[in-house]
Amino acid sequence: MLGSVQPTAYDLRFRLFSIPVRVGPSFWLVSAIFGFDYLRIDAGLFGVWMLVVFVSILVHELGHGLTAKWLGYPPTIVLYQFGGMAFYRPDYEYTPWRATMITAAGPLAGLGLCLVAYTWWMWGMEQFGIILNWYVSMGTQMLIMINLWYSLFNLLPVLPLDGGRLCESVCAMLGVNNPRQIAAWSSVIVGSIVAVWFWENGMTFNAIIFGMLAFQSTPYLHSRD
């Protein structure tokens with residue numbers, strides 16, 4: 001999304017489903033900033049927040065990565081300050097349909113995790129009257145909240161969010177001329193509207209982010225690729 005994804009000496013590195021994963025220190029820092037209010041309530045709850053954010057963003061990127069791997073493009077996943085990215089190298093068989101599949105898989109994975117968490121919440125609490133541990137209960141609510149809103153906002157047609165890339169790849173798949181230009185116009189218009197909405201509702205940081213996303217799409221408004 002935004003910011004540097006360059007490796008550092010403090011990165012956490014591991015493999016999951018044979019996919020290399022790298023987690024930068026900025027990921028933990030930004031996650032901690034957003035979850036600081038939980039730390040004021042309870043240190044254990046803050047730890048639950050950090051774990052839930054990590055799992056949620058990782059699942060989202062695994063959606064991209066596993067789909068890319070299935071299509072024959074070995075991926076690498078990086079989690080950093082503004083979320084995550086799944087890197088892969090397309091080949092001559094790369095088509096707009098394949099691009100659409102890989103891009104859509106991330107939000108779908110997040111929405112799937114949201115559905116699993118919601119089903120667990122309703123099934124365990126409503127059907128069987130199971131009294132959950134407080135941390136498990138709060139963690140489940142966080143999973144639902146984060147994966148729902150992160151997935152939905154990622155589907156907004158704003159570059160370089162998944163929705164913006166889907167707009168471009170679907171336009172290319174439909175044979176529309178200059179799909180990048182269409183995606184850029186969508187990004188500027190929708191990004192500006194969302195930025196204004198956040199600003200009017202007192203969410204200054206989110207407004208700045210979407211304003212920046214809208215602005216960085218302007219060089220492509222007259223592209224002819």
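Below you will find a few notes about this structure. What you see is a predicted model; the values in this text were computed from it and never measured. All residue numbers here refer to positions counted from 1 along the written sequence of the relevant chain. Confidence filtering applies because this is a predicted model: local features only for residues at pLDDT of at least 70, side-chain atom pairs given and counted only at 80 or more, and all residues used for totals across whole chains, interfaces and linings. As a convention, hydrogens and water are excluded, and side-chain values are obtained from all of the structure's heavy atoms.

**Quick look at the sheet that holds strand 2 (residues 19-23)**
The pairing of strands in a sheet happens through backbone hydrogen bonds and is either parallel or antiparallel.
For step 1, the next point in the chain: Whether two strands pair comes down to DSSP finding at least two bridges between them. To qualify as a helix, a DSSP run of H or I must reach at least 4 residues; to qualify as a strand, a run of E must reach at least 2; elements of each kind are numbered from the N terminus. With mixed pairing, four strands are arranged side by side in an open sheet as 1-2-3-4. A single partner strand is all that each edge strand has here, and the edge strands are strand 1 (12-16) and strand 4 (83-87). Taken pair by pair, the neighbouring strands of this sheet meet at an average axis angle of 20°, ignoring direction.
For step 2, the next point in the chain: Pairing of strand 2 with strand 3 (residues 76-80), which is carried by three bridges, proceeds in the parallel orientation. Bridging across to strand 3, Val-21 finds its partner in Ile-77. Axes here refer to lines fitted to C-alpha atoms; in helices the fit is confined to the stretch in contact. Angles between the N-to-C directions go from 0 to 180 degrees.

**Re the packing of aromatic side chains**
For step 1, the next point in the chain: Two rings belonging to Phe, Tyr or Trp (six-membered ring only in the last case) form a pair when the distance between their centres is within 6.5 Å. Interplanar angles under 30 degrees mark stacking, angles over 60 mark edge-to-face geometry, and anything in between is tilted. Considering all chains together, one arrives at 14 aromatic pairs under this definition.
For step 2, the next point in the chain: Relative to Tyr-88, the ring of Tyr-73 has its centre 6.0 Å away and its plane inclined at 25°; by these criteria the two rings are stacked. Here the residue Tyr-73 occupies a position in the loop between helix 3 (43-70) and strand 3, and Tyr-88 occupies one in the loop between strand 4 and helix 4 (96-127), the gap between them amounting to 15 residues.
For step 3, the next point in the chain: In textbook terms, an aromatic cluster arises when at least three aromatic residues are bridged by ring pairs, as seen for Trp-149, Phe-153, Trp-197, Phe-198 and Phe-210.

**Let's talk about the packing of helix 6 (residues 162-173) against helix 7 (residues 179-200)**
Axis angle and axis distance: for two packed helices, these are the angle between their axes and the distance between the axes, and together they describe the pair.
For step 1, the next point in the chain: One way to put it is that helix 6 packs onto helix 7 with a least axis distance of 8 Å and a crossing angle of 145°. Along this stretch, helix 6 crosses helix 7, giving a crossing that reads as right-handed. On helix 7, the residues touching Gly-164, Cys-167, Glu-168, Cys-171 and Ala-172 of helix 6 are Pro-179, Arg-180, Ile-182, Ala-183 and Ser-186.
For step 2, the next point in the chain: Ten residue types, Ala, Val, Leu, Ile, Met, Phe, Trp, Tyr, Cys and Pro, are classed as nonpolar, four, Asp, Glu, Lys and Arg, as charged, and the remainder, Gly among them, as polar. Of the residues belonging to the contact of helix 6 with helix 7, the class tally is six nonpolar, two polar and two charged. Each helix crossing is assigned a hand: it is left-handed if the near helix lies turned anticlockwise from the far helix by less than a right angle, otherwise right-handed if that turn is clockwise. Residue contacts are counted whenever heavy atoms from the two residues lie within 4.5 Å of one another.

**A look at the side chain of Thr-100**
For step 1, the next point in the chain: Take Thr-100: it is sitting in helix 4.
For step 2, the next point in the chain: There is a polar contact of 2.8 Å between the side chain of Thr-100 and the backbone oxygen of Pro-96.
For step 3, the next point in the chain: Apart from residues lying up to four places away in sequence, Thr-100 is in contact with Leu-166, Ser-169, Val-170 and Met-173. Two N or O atoms form a polar contact when they lie within 3.5 Å of each other; inside protein one atom must be a possible hydrogen donor and the other a possible acceptor, and for residues adjacent in sequence the pair counts only when both atoms belong to side chains.

**Here's the deal with helix 5 (residues 134-154)**
For step 1, the next point in the chain: Under the convention used throughout, the expected extent of a helix is 1.5 Å for every residue step, that is, one less than its residue count. Helix length check: helix 5, at 21 residues, gives a terminal C-alpha distance of 30 Å against a target of 30 Å (1.5 Å per residue), a fit within 8%.
For step 2, the next point in the chain: Of all the positions in helix 5, only Ser-137, Met-138, Gly-139, Thr-140, Met-142, Leu-143, Ile-144, Ile-146, Asn-147, Tyr-150, Ser-151 and Asn-154 are classed as buried. Think of it in three bands: with a 1.4 Å probe and only protein chains considered, a residue is buried below 20% of the maximum accessible area for its type, exposed above 50%, and partly exposed in between.

**Notes on a nonpolar patch on the surface**
For step 1, the next point in the chain: Residues enter patches when their relative accessible area tops 30% and they take part in no salt bridge; the joining distance is 9 Å for like charges and 5 Å for the nonpolar side chains Val, Leu, Ile, Met, Phe, Trp and Tyr. The Shrake-Rupley method, run with a 1.4 Å probe sphere, supplies the accessible areas, and residue values consider only the shown protein chains as cover. Salt bridge, as used here: a side-chain nitrogen of Lys or Arg that lies within 4 Å of a carboxyl oxygen of Asp or Glu. Together, Trp-97, Val-170, Met-173, Leu-174, Val-176 and Ile-182 give the surface a local cluster of nonpolar side chains, amounting to about 540 Å² of exposed area.
For step 2, the next point in the chain: Residue position: Trp-97 is located in helix 4.

**A closer look at the packing of helix 7 against helix 8 (residues 204-216)**
For step 1, the next point in the chain: Running from amino to carboxyl end, helix 7 crosses helix 8 at an angle of 165°, the nearest separation of the two axes being 8 Å. Taken together, helix 7 and helix 8 sit at an angle that is classed as roughly antiparallel. Our pair here, helix 7 against helix 8, has a crossing hand that is left-handed. From helix 7, Ser-187, Val-188, Gly-191, Ser-192, Val-194, Ala-195, Phe-198 and Trp-199 reach across to helix 8, where they touch Thr-204, Asn-206, Ala-207, Phe-210, Gly-211, Leu-213 and Ala-214.
For step 2, the next point in the chain: Here the residues of the contact of helix 7 with helix 8 are counted per class, giving nine nonpolar, six polar and no charged. Roughly parallel means an angle under 35 degrees; roughly antiparallel means over 145; roughly perpendicular covers 65 to 115; every other angle is labelled oblique.

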